[in-house]
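A closer look at the structure
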Amino acid sequence: MIITIIILILLAAISINGLFKAKIIDTATDAVIKYEQEQYREKDMLDDLDNTIKDALIALGGNRPPIFLEEAHAIDITRTSMKITATAVDEDKDSDGNPDTLTYIFYFGTSEDNLVKEGSSIDTPAVFLKEGLTNGVKYYYRIDVTDGKSEPVKGTVGSAVTTENSIPSVGTPVVTRVANSTDKLTIAVVATDTDDEDLEYTFYRGTSSENITDKVGGTIQGKSGNTVTFTDTDLTMAQTYYYKVKVSDGTENAISANYGSERTWCLGVLCENSTEELILCTKCGKNTRWF
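As a starting point, this report considers the structure included with it. (Residues numbered from 1 in each chain as written. Predicted model: local features only at pLDDT ≥ 70, side-chain atom pairs only at ≥ 80, totals over all residues. Heavy atoms only, no water.)

All right, on to the sheet that holds strand S7 (residues 158–161) then. In spatial order, the strands read S4-S3-S6-S7; together these four strands make up an open sheet with antiparallel pairing. Both edges of this open sheet fall to strand S4 (116–121) and S7, since each of them pairs with a single strand only. Strand-to-strand, the axes of this sheet are offset by a mean angle of 25°, without reference to chain direction. Relative to S4, strand S3 (residues 103–109) runs antiparallel, the two being bridged by five bridges. If you follow Tyr107 over to S4, its bridge partner there is Lys117. (Pairing = 2+ DSSP bridges. Helix = DSSP H or I, 4+ residues; strand = E, 2+ residues; numbered from the N terminus. Axes fitted to C-alpha atoms, helices over the stretch in contact; angles between N-to-C directions.)

Spelled out as structure tokens, the structure:
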């Protein structure tokens, strides 16, 4: 109807003078453009209303809650951390055919009845990292999931125990003399740890196997399975020394079950009237230069 009126106006403009005719044509053209814009706007409004109605109908009648494919369970468990993961699906789609976005809600605690909300994620599968835990402790967890249209689906409570700390195993120290030196000994030891690579070594010395208590040198950093050496200095000539080694992984300490021992070199003096290069040790009485 509106288009017809506009056409009649245009026809009437033909018989009118030029200036007035141009104004009528411009006015009619603007009216057509405005009419088309209104038509498009009404169409967009109807489309939006249609989608809103579809979403409302889905929410009211046909929405199905998410389903767990994998309930919450723990992975990558260490002495101080673990990851909790779960996977769910939702078969419903919105009016545009897109699957619903799922939100996973994570709970964690030291008892099944005292779970605390730790966070949420929209990633599938959902993975939550917990750090700063205590070794050998049992922890509880739960992951719920929601599509935002229905009440969250409550997950099953699970539990996992952080691993116990492995105590380092320390081998017997091997003590050797330092060539051409009467006051030095070198101690070598190997320690292993199944759950730690970086270890700390502390060396202890004594002059009897029953009293190895003097700490010598500082703490030495080493790797599990590697040989660590330390040279003890300013020792007494021709004296037997005994050594043990303490190894720490930062949590537990272990001391070598057996000790290692060795006597420092003895330097003698020339024998009187000796024609050979033999040297008599003034301490041990042996007829040799280094003993």
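A cis amide bond links Thr124 with the next residue in sequence, Pro125, at an omega value of -5°. Secondary-structure assignment places Pro125 in the loop between S4 and strand S5 (126–130). One non-glycine residue with positive phi stands out, namely Asp76, at about 50°. Summarising the element assignment, Asp76 is placed in the loop between strand S1 (67–75) and strand S2 (82–89). The phi angle at Asp234 is positive, at roughly 60°, despite the residue not being glycine. Topologically, Asp234 is positioned in the loop between strand S13 (227–232) and strand S14 (240–248). Take Asp234: its relative accessible area is 68%, and that puts it in the exposed class. (Buried < 20%, exposed > 50% of the residue type's maximum accessible area, 1.4 Å probe, protein only.)

Right, let's get into the sheet that holds S1. A sheet is described by the order of its strands in space; here three strands give the open sequence S1-S2-S5, paired in antiparallel fashion. Edge positions in the sheet fall to S1 and S5, since each has one partner strand and no second. Averaged over neighbouring strand pairs, the angle between their axes works out to 10° when direction is ignored. Where S1 lies against S2, six bridges are found, and the strand directions are antiparallel. Of the residues in S2, the one forming a bridge with His73 is Thr85.

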